[in-house]
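Summary of the model geometry
In case you want the letters, here they are:
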Amino acid sequence: MASTATHLSLTLLLPRLSSPCHHHHHRHQHHHLVTKFSFPTRSQLAIRTRAMGTDFLGDFGARDPFPAELESGFGEKVLGNGDTEHKILIPKTSALSLARQNCSPVSPLQAPMSVDDAKALMKKVVGWRLLDEEGGLKLHCLWKLRDFKCGVELINRICKVIEATGHFPNLHLEEPNQVRAELWSASIGGLSMNDFIVASKIDEIKTSDLAPHKRIWA
């Protein structure tokens, strides 16, 4: 049975405008305008859908191959295996930036971090030094700033960033323009992962506007 298109007739009531010279002598007259719109039938839509296939994304992103592509064996002509399994893996905590990690409670029974482990983590923090003192390993950082007010401002910025961590460094305002920070886990007599997490968060604090002005010689 041949398919036919469906027609829809709409009647629009439009005003007929008179000429300007007779506009005040005549009332507006109306005429009817009949317009026909054609809509495709289901069979026509099905034909168009089959022609488009299931790829409604076009050139955006990846898609599944068309049946004709599978029949052509195109996968055998490219590198790789057609049955490769693709997985989306969530990165482990160790793979994330230290600044994006959260501090965890440290048990007094926990052993402090070894020197080798601490040296490996030193590559992930900037400007910190590893010191081996009588009380155990510690992290030290020193900032030389423009003046006393800049020192106070840096301490305020550090407190604001690390307040939510629950792990706080010792902060010292030395001389007129120098701030020193010490990090270690006193409950275990050495360093823990919390110390490096906090050090990494402090590294992200903006300090360029607090640094001494550079002298420019003519």
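Further up the page is the structure itself.
A brief look at the structure comes next. (Residues numbered from 1 in each chain as written. Predicted model: local features only at pLDDT ≥ 70, side-chain atom pairs only at ≥ 80, totals over all residues. Heavy atoms only, no water.)

Moving on: the pairing of strand 3 (residues 129-133). Inspection of the sheet shows strand 3 paired to strand 4 (residues 136-144) by five bridges, in the antiparallel sense. Following the sheet pairing, Glu133 is matched in strand 4 by Gly136. Turn length for the strand 3-strand 4 hairpin, with the two strands adjacent in sequence and antiparallel, is two residues. (Pairing = 2+ DSSP bridges. Helix = DSSP H or I, 4+ residues; strand = E, 2+ residues; numbered from the N terminus.)

Before going further, it helps to examine the side chain of His167. Within the fold, His167 resides in the loop between helix 4 (148-162) and strand 5 (170-174). Reaching out from His167, the side chain makes a polar contact with the side chain of Asp195 at a distance of 2.6 Å. For His167, the residues in contact, after removing those within four places along its chain, are Cys103, Ile162, Leu183, Trp184, Ser185, Asn194, Asp195 and Val198. (Polar contact = N/O pair within 3.5 Å; in protein donor to acceptor, adjacent residues only side chain to side chain. Contact = heavy atoms within 4.5 Å.)

So, about the nonpolar core. Counting 29 residues, the largest nonpolar core has Trp128, Leu139, Trp143, Leu154, Phe196 and Ile202 as the members making the most contacts within it. For this core, the secondary structure elements donating two or more residues are helix 3 (115-121), strand 4, helix 4, strand 6 (178-183) and helix 5 (193-203). Setting aside residues no more than four positions away along its own chain, Trp128 makes contact with Met122, Leu139, His140, Cys141, Trp143, Ala181, Leu183, Ala199, Ile202 and Asp203. (Core = buried A, V, L, I, M, F, W, Y, C linked by side-chain atoms within 4.5 Å. Buried < 20%, exposed > 50% of the residue type's maximum accessible area, 1.4 Å probe, protein only.)

On to the pattern of salt bridges. Within the structure shown, the criterion is met by six salt bridges. Taking the shortest distance from any N to any O, the salt bridge between Glu174 and Arg180 comes out at 2.7 Å. Using a relative accessible area of 21% as the deciding quantity, one classes Glu174 as partly exposed. Within this structure, Glu153, Arg157 and Asp209 form a network of salt bridges that share partners. (Salt bridge = Lys/Arg side-chain N within 4 Å of Asp/Glu carboxyl O.)

Applying the stated criterion to the full structure yields one aromatic pair. Centroid distance Trp128 to Trp143: 6.2 Å. Interplanar angle 90°. Geometry classified as edge-to-face. Here Trp143 lies in strand 4 and Trp128 lies in the loop between helix 3 and strand 3, a separation of 15 residues in the sequence. Across the pair, exposure class does not vary: Trp128 and Trp143 are buried alike. The ring of Trp184 has Lys138 sitting right over it, with the charged end atom 3.8 Å from the ring centre. (Phe/Tyr/Trp six-rings, centres within 6.5 Å; stacked < 30°, edge-to-face > 60°. Lys NZ or Arg CZ within 6 Å of the ring centre and 35° of its normal.)

The next point concerns the pairing of strand 4. Counted residue by residue, strand 4 has seven buried out of nine residues, so it is predominantly covered. Of the pairings in the sheet, the one linking strand 4 to strand 6 comprises six bridges and is antiparallel in character. Directly across from Trp143, in strand 6, lies its bridge partner Val179.

The next thing to look at is the environment of Pro212. Looking at the element boundaries, Pro212 is found in the segment after helix 5. In the structure, Pro212 is positioned 67 residues away from Leu145 in sequence and 5.5 Å away in space, judged by C-alpha atoms. Every residue in contact with Pro212, bar those within four places of it in the chain, is listed here: Lys144, Leu145 and Arg146.

A few words on unusual backbone geometry. With a phi close to 55°, Glu175 is a non-glycine residue in the positive phi region. Relative to the elements of secondary structure, Glu175 occurs in the loop between strand 5 and strand 6.

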